[in-house]
Protein chains: 2
Amino acid sequence: MTTHAKNDSNIWAERVLAGDRRALARVISLLENQEPEGFHTLKTLYPKTGQAHIIGLTGPPGGGKSSLVDRMIQEIRSRGHEVAVVAVDPTSPFTGGAILGDRIRMQRWASDTGVYIRSMGTRGSLGGLARAVYATVQLLDAASFPYILVETVGVGQSEVDIVQVADTVVVVSVPGLGDDVQVSKAGIMEIGDVFAVNKADLPGSQRVVVELQSMLDLGSHDVWQPPVVTTVATTGKGVSELITAIQEHLVVLQEANLLTKQRLAREKEALLQRLTERIRCDITKQWSNKQGNQAWENLAAKKTDPYTLEEQLYLSWKGVTTVDNQD
Amino acid sequence: MTTHAKNDSNIWAERVLAGDRRALARVISLLENQEPEGFHTLKTLYPKTGQAHIIGLTGPPGGGKSSLVDRMIQEIRSRGHEVAVVAVDPTSPFTGGAILGDRIRMQRWASDTGVYIRSMGTRGSLGGLARAVYATVQLLDAASFPYILVETVGVGQSEVDIVQVADTVVVVSVPGLGDDVQVSKAGIMEIGDVFAVNKADLPGSQRVVVELQSMLDLGSHDVWQPPVVTTVATTGKGVSELITAIQEHLVVLQEANLLTKQRLAREKEALLQRLTERIRCDITKQWSNKQGNQAWENLAAKKTDPYTLEEQLYLSWKGVTTVDNQD
């Protein structure tokens, strides 16, 4: 069974490397569904990764991110490069608008084999989504796309987690949404390498630029001072300058010997997250028995406290001692 | 040393139970700084918890949450109850506005010993903040506050995590901020038990009410249909109705035998999060040696892949096998 899966994985890997887009789509689905076959394929392909420039885009809904990504695809294509887009929507099943928008966009680029677009939404946990996005980006990297855009809807912590797969993070702002909603959101200023003020033909855009600049002046920037670029996605104005700024960021990272370091740090972090998630599953399983139920009952009855129980679980997991419930 | 800490903890616990507010503040600081003494105190006090009605408030910045909380304090006080407020700001050190607002509010209630207000911000990780808020709420519960309000700035995932400490979650909306920014944010509709449309004297507020209602109609609600309450925090209009709706929610939970279940589920989740965080620290420490560095170097050189390494770390942690680096 495992040998079969490995053989299949080798076939998938070969097909992905040969540029087979149907195989690519299939392996992404395997990764989304956490099938072992998907991860076997990634293992095989891992040595091929590390060539792509991974670009994350985040910003508030209504910022015109989809149109901006569309223009960025156009610009990258006009420079003669292939590009993959991962459009991530971590919002609840209550909404579905972004996915519809992606479908329209996908149709537009359907006849261009140099563009690959994939939408990903939450199927279970947000953590699961972040892991699937991470693995998908690795796969697209191995599949030789020189540019990979990861676009997320919104500015919450989940979006911050997701765009941190990127070498270069672009934070998109727009005039008129109220500044506190946009730029003072948790960690959003810190993660941006390039700031794009979209809809720059609207009144108030210069104020957003000035606000961003003054906030950026507060931060400390050793090797790279994040630029603020103005764009008008509807006309394409400023998009070439945006792509150039993004490329410059990668060059600066490379010259400062930071790119390899950052990528390794990301790899370590992703690995540790997967590992702890796995251990957590183990613990949950291990404690779904009679002894475990007794422990939770004692907690509910306040015969024990959660901190004592945590210690017991910890020691039990480490195999230091067997767990006895206190009375 | 540990015995000393335990003796000190008993003294802290006694002082907190006796209503000593300085002791309360001190133990919260111990919990914030993750000092063992804080957790020893909580262990001692744990049997006293489970009496408070814990109310979470979240919503976009600019929604007038602070003013609304102020009116809620007033209403709860006028009904003759004590109340504690935990004002959480998970945003970056770039901002500090909320904390200033809290100071002003704190001064207003400074002479009323039936009101206790505490601000908490990010000192390190967001996970650390969520844990500190959780422990603080347990402490305030043990300290006999019948109502505990946990207010967060923003609508991101971190805020969602934080308000999930609550029995009843109030989602605050306002007209004029753009509906997609407010209500279609990750998971925000799902977590609300009561929806407050604040600034209900502004034009467009009725539209927000209708939108919320229609979104709520999409969801399935077994025992409780989340109501939408309109408030005007500046005048206090609707605040009494809001408090009544919040109280009704608790009664319904109790009658459906859900309150105890929900609280135990929260306790389990918090315990598992602390435990996995701890195991993660262990693993990181264990792998900060020569062998670990070699493994990361092999990863950087792509001599191994992150999925194989994860498997090795997992087996090593479980004590199944010693870890050899592949060549």
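Since the model is a prediction, treat every value here as computed from it, not as a measurement.

Draft legend 1. Molecular detail of the pairing of strand β6 (residues 194–197) of chain B. Residue and element names in this part refer to chain B. Of the two faces of β6, both are covered, the one formed by V194 and A196 as well as the one formed by F195 and V197. Of the pairings in the sheet, the one linking strand β5 (residues 168–173) to β6 comprises four bridges and is parallel in character. Counterpart to V170 in the pairing with β6 is V194. Here β6 pairs with strand β7 (residues 228–230) via three bridges, running parallel. When the bridges of β7 are listed, A196 appears paired with V229. This β-α-β element, β6 to helix α10 (residues 205–218) to β7, shows right-handed connectivity.

Draft legend 2. Representation of the domain arrangement of chain A in the model. Residues and elements named next belong to chain A. As assigned here, chain A comprises domain 1 (1–47) and domain 2 (49–256). Each side of the interface is counted separately: domain 1 has ten residues, and domain 2 has twelve residues. Looking at the side of domain 1 that touches domain 2, the elements that each hand over two or more residues are α2 (21–32) and α3 (36–45). Ranked by residues supplied to the side of domain 1 that touches domain 2, first place goes to α2 with six residues.

Draft legend 3. Spotlight on the pairing of strand β3 (residues 115–121) of chain B. Residue and element names in this part refer to chain B. The element β3 is extensively covered by neighbouring structure, given that five of its seven residues are classed as buried. Summarising the sheet, strand β2 (residues 83–89) and β3 pair through seven bridges and their orientation is parallel. Its bridge partner being in β3, D89 is matched across the sheet by G121.

Draft legend 4. Here's a closer look at unusual backbone geometry. All names here are of chain B. Phi at K199 takes a positive value of approximately 55 degrees, unusual for a residue other than glycine. With 24 C-beta atoms packed within 10 Å, K199 lands in the buried category. The backbone of N257 shows a phi angle near 60 degrees, a positive value even though the residue is not glycine. The exposure class assigned to N257 is exposed, which follows from the 9 C-beta atoms found within 10 Å.

Draft legend 5. Local environment of the sheet that holds strand β1 (residues 53–58) of chain B. Residue and element names in this part refer to chain B. Strand order in the open sheet formed by seven strands is β3-β2-β4-β1-β5-β6-β7, and the pairing between neighbours is parallel. Bordering the open sheet on either side are β3 and β7, each of which pairs with just one other strand. If you compare each strand with its neighbour and ignore which way they point, the axes differ by 20 degrees on average. Alignment of β1 against strand β4 (residues 147–152), held across five bridges, turns out to be parallel. From the neighbouring strand, L57 faces β4, where its bridge partner is E151.

Draft legend 6. Examining the nonpolar core more closely. Formed by 74 residues in total, the largest nonpolar core has its most connected members in V133(B), L139(B), I148(B), L149(B) and V150(B). Ranked by residues supplied to this core, first place goes to helix α6 (residues 126–142) of chain B with ten residues. Looking at this core, you find at least three residues from each of domain 1 (1–45) and domain 2 (49–256) of chain B. Residues within four places of V150(B) in sequence aside, it is in contact with I54(B), G56(B), L57(B), V86(B), V88(B), V133(B), V137(B), I162(B), V163(B), V165(B) and A166(B). Grouped together as the second largest cluster of nonpolar side chains are 73 residues, L31(A), F39(A), V133(A) and V229(A) included.

Draft legend 7. Structural view of the sheet that holds strand β3 (residues 115–121) of chain A. Residues and elements named next belong to chain A. On the basis of which strands lie adjacent, the open sheet formed by seven strands has the order β3-β2-β4-β1-β5-β6-β7 and parallel pairing. Two strands close off the open sheet at either side, each with one partner strand: β3 and β7 (228–230). Direction aside, neighbouring strands of the sheet carry axes that sit 20 degrees apart on average. Against the sheet, helix α10 (residues 205–218) contacts β5 (168–173), β6 (194–197) and β7, and its axis sits at roughly 170 degrees relative to β7.

Draft legend 8. View of the packing of helix α12 (residues 259–286) of chain A against helix α12 (residues 259–286) of chain B. With their axes 10 Å apart at the nearest point, α12(A) and α12(B) run at an angle of 130 degrees to one another. Looking at the two axes, α12(A) sits oblique to α12(B). Relative to α12(B), α12(A) is oriented so that their crossing is right-handed. Mapping the contact onto sequence places L272(A), L275(A), T276(A), I279(A), R280(A), I283(A) and T284(A) in α12(A) and L272(B), L275(B), T276(B), I279(B), R280(B), I283(B) and T284(B) in α12(B). Of the residues that constitute the contact of α12(A) with α12(B), the class distribution is eight nonpolar, four polar and two charged.

Draft legend 9. Quick peek at the environment of G64(A). Residues and elements named next belong to chain A. Looking at the element boundaries, G64 is found in the loop between β1 (53–58) and α4 (65–78). The exposure class of G64 is buried, given the 20 C-beta atoms found within 10 Å. Not counting residues up to four positions away in its chain, the partners in contact with G64 are V174, N198, K199 and A233.

Draft legend 10. Structural detail: the packing of α4(A) against helix α11 (residues 239–255) of chain A. All names here are of chain A. The contact between α4 and α11 brings their axes to 9 Å, and the two run at 75 degrees. By the angle between their axes, α4 is roughly perpendicular relative to α11. Listed contacts from α11 to R71, M72, E75 and I76 of α4 are V239, S240 and I243. The residue inventory of the contact of α4 with α11, partitioned by class, reads four nonpolar, one polar and two charged.

Draft legend 11. Structural context of the environment of M120(B). All names here are of chain B. Within the fold, M120 resides in strand β3. For M120, a count of 22 C-beta atoms within 10 Å corresponds to the buried category. Between the C-alpha atom of M120 and that of V88, which follows or precedes it by 32 residues, the distance is 4.9 Å. With residues up to four places along the chain from it excluded, the contact list for M120 reads E32, V86, V88, L129, A132, V133 and T136.

Draft legend 12. Spatial organisation of α12(A). End to end, α12(A) covers 41 Å across 28 residues, agreeing with the expected 40 Å (1.5 Å per residue, within 8%). Residues E267(A), R274(A), L275(A), T276(A), I279(A) and I283(A) constitute the buried set of α12(A).

So, how was this worked out
Residues numbered from 1 in each chain as written. Chains lettered and ligands numbered in written order. Predicted model: local features only at pLDDT ≥ 70, side-chain atom pairs only at ≥ 80, totals over all residues. Buried ≥ 20, exposed ≤ 12 C-beta atoms within 10 Å, placed from the backbone. Helix = DSSP H or I, 4+ residues; strand = E, 2+ residues; numbered from the N terminus. Pairing = 2+ DSSP bridges. Right-handed = clockwise from strand over helix to strand, strands pointing away. Domains from an automatic or database assignment. Contact = placed C-beta atoms within 7 Å. Axes fitted to C-alpha atoms, helices over the stretch in contact; angles between N-to-C directions. Core = buried A, V, L, I, M, F, W, Y, C linked by C-beta atoms within 7 Å. Parallel < 35°, antiparallel > 145°, perpendicular 65-115°, else oblique. Left-handed = near helix turned anticlockwise from the far one by under 90°. Nonpolar A, V, L, I, M, F, W, Y, C, P; charged D, E, K, R; others polar. Expected span 1.5 Å × (residues − 1).

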